[in-house]
Amino acid sequence: MAQLDKWTETLARGIARGSSRRSLLAWLGGTLTGAAVLPVLPVSRAHAAGAPGAAGEQRPPITSGDPQDPGDRTQCDYWRYCAIDGFLCTCCGGSVNACPPGTEMSPITWIGTCTNPVDKRAYIISYNDCCGVSSCGHCLCNRNEGDRPPVRPQSNNDYNWCLGTESSVYNCSTAIIVGVATDRR
C-alpha cells in the first residue's frame, strides 16, 4: 500500500510541476468552447433536419381514407403488416398494393393472416417483395406474428422472395389483401 501511495504522490507532483492553473483553465475553456460548437457542424444539422428514413422522422400519415381500412400505412403497427419483414413500400415511393417505380413485383410471395381491427375479420395478406433496385432503407418493419419455421417457406418471412424476378436485389415489401379467411369448422 505504501508503494501505491508513493507512486500516486510522485505522479501528482510531476503533473503539478509540468502544468499550471492557467493551462488547466485554458484546457477547460477550449473543451467547453468545442462542445458548444458541435451542434453547429453540418452533420448534426443534416441529422436534425430529418433526412428521409432518419430515426424520429416525422412523416405525414398515409391512410386509405376508408374507415374500414384504418391506420397509417407508413407505420409498422398498421394492421396489414402483422407478418411483414422488410422496408415498407409506402415509404419508398410505392403503396401497400404497388411497387415503387423502377422495381418489379416478385411473383413468389409469403402469406399471413391479419385481423382488421374495425370488422374483427381475418384477412389473407400476400406479402410481395419489390425487386430490382437496392434496398429502400426507409421504414423497416419486422413483425413475425404467425411466422413459421423455414420448413414451411410459404409462411416464413425471412427469405429473399426476389427469386422469380429479373433481378434478385430486394427493395421493399407490399401487403396485398387476397381475400377473407374462412373459419375452420
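Whatever comes next refers back to the structure up there.
Residues numbered from 1 in each chain as written. Predicted model: local features only at pLDDT ≥ 70, side-chain atom pairs only at ≥ 80, totals over all residues. Heavy atoms only, no water.

Digging into the state of the cysteines
In a disulfide, the sulfur atoms of two cysteines are held together by a covalent bond.
For step 1, the next point in the chain: Using the criterion set out here, one finds seven disulfides in the structure.
For step 2, the next point in the chain: Paired through a disulfide, C92 and C136 show a sulfur-sulfur distance of 1.9 Å. Taking the sign of the S-S torsion, -90° for the link of C92 and C136, the bridge is left-handed. Taken together, the residues span a long stretch of sequence, with C92 in the loop between strand 1 (85-87) and strand 2 (104-115) and C136 in the loop between strand 3 (122-131) and strand 4 (140-142) at a distance of 44 residues. Each member of the pair, C92 together with C136, is buried. (Disulfide = S-S within 2.5 Å. Helix = DSSP H or I, 4+ residues; strand = E, 2+ residues; numbered from the N terminus. Buried < 20%, exposed > 50% of the residue type's maximum accessible area, 1.4 Å probe, protein only.)

Describing the nonpolar core
For step 1, the next point in the chain: Core analysis: the biggest nonpolar cluster contains 18 residues, and W79, Y81, I84, L88, C114, I125 and Y127 have the highest contact counts within it.
For step 2, the next point in the chain: Only strand 2 and strand 3 provide two or more residues apiece to this core.
For step 3, the next point in the chain: Sort the elements by how many residues they give to this core and strand 3 lands first, with three residues.
For step 4, the next point in the chain: Setting aside residues up to four positions removed in sequence, I125 forms contacts with W79, R80, W110, I111, G112, C114, A175, I176, I177 and V178. (Core = buried A, V, L, I, M, F, W, Y, C linked by side-chain atoms within 4.5 Å. Contact = heavy atoms within 4.5 Å.)

Let's talk about the packing of aromatic side chains
For step 1, the next point in the chain: In this structure the tally under the stated criterion is five aromatic pairs.
For step 2, the next point in the chain: Taking 5.4 Å as the distance between ring centres and 20° as the angle between the ring planes, the aromatic pair formed by W110 and Y127 counts as stacked. Of this pair, W110 sits in strand 2 while Y127 sits in strand 3; the two residues are 17 residues apart in sequence, bridging distant segments of the chain. Across the pair, Y127 and W110 agree in class, each one buried.
For step 3, the next point in the chain: In textbook terms, an aromatic cluster arises when at least three aromatic residues are bridged by ring pairs, as seen for Y78, W79, Y81 and Y123. (Phe/Tyr/Trp six-rings, centres within 6.5 Å; stacked < 30°, edge-to-face > 60°.)

Side note on the environment of G94
For step 1, the next point in the chain: Turning to its location among the elements, G94 is positioned in the loop between strand 1 and strand 2.
For step 2, the next point in the chain: Taking relative accessible area as the criterion, G94 reaches 21% and is therefore assigned partly exposed.
For step 3, the next point in the chain: Between the C-alpha atoms of G94 and S173, which are 79 residues apart in sequence, the distance is 9.4 Å.
For step 4, the next point in the chain: With sequence-adjacent residues up to four places away left out, G94 is seen in contact with C89, C99 and P100.

A closer look at the side chain of T103
For step 1, the next point in the chain: Take T103: it is sitting in the loop between strand 1 and strand 2.
For step 2, the next point in the chain: A polar contact of 2.6 Å, which involves the side chain of T103, links it to the backbone oxygen of P100.
For step 3, the next point in the chain: Among residues more than four places away in sequence, those in contact with T103 are C130, C131, V133 and N171. (Polar contact = N/O pair within 3.5 Å; in protein donor to acceptor, adjacent residues only side chain to side chain.)

Quick word on the pairing of strand 2
For step 1, the next point in the chain: As defined by bridge partners, strand 2 adjoins strand 3 across nine bridges and the pair is classed as antiparallel. Residue C114 lies in a different strand from strand 3, and its bridge partner there is Y123.
For step 2, the next point in the chain: Hairpin remark: strand 2 followed by strand 3, antiparallel, with six residues in the connecting loop; positive phi at K120, about 60°. (Pairing = 2+ DSSP bridges.)

Considering the pattern of salt bridges
For step 1, the next point in the chain: Across all of its chains, the model carries three salt bridges by this definition.
For step 2, the next point in the chain: For E9, the salt bridge goes to R13, with nearest N and O atoms at 3.1 Å. Taken together, the positions of E9 and R13, both in helix 1 (residues 2-18) and four residues apart, correspond to about one turn of that helix.
For step 3, the next point in the chain: Across the salt bridge formed by R80 and D69, the nearest N and O atoms sit 3.3 Å from each other. Of the two residues, R80 is situated in the loop between helix 3 (42-48) and strand 1 and D69 in the loop between helix 3 and strand 1; the sequence distance between them amounts to eleven residues. Considered together, R80 and D69 belong to a single accessibility category, that of buried residues.
For step 4, the next point in the chain: Connected through shared salt-bridge partners, D69, R73 and R80 make up one network. (Salt bridge = Lys/Arg side-chain N within 4 Å of Asp/Glu carboxyl O.)

Read these as geometric descriptors, not functional statements.
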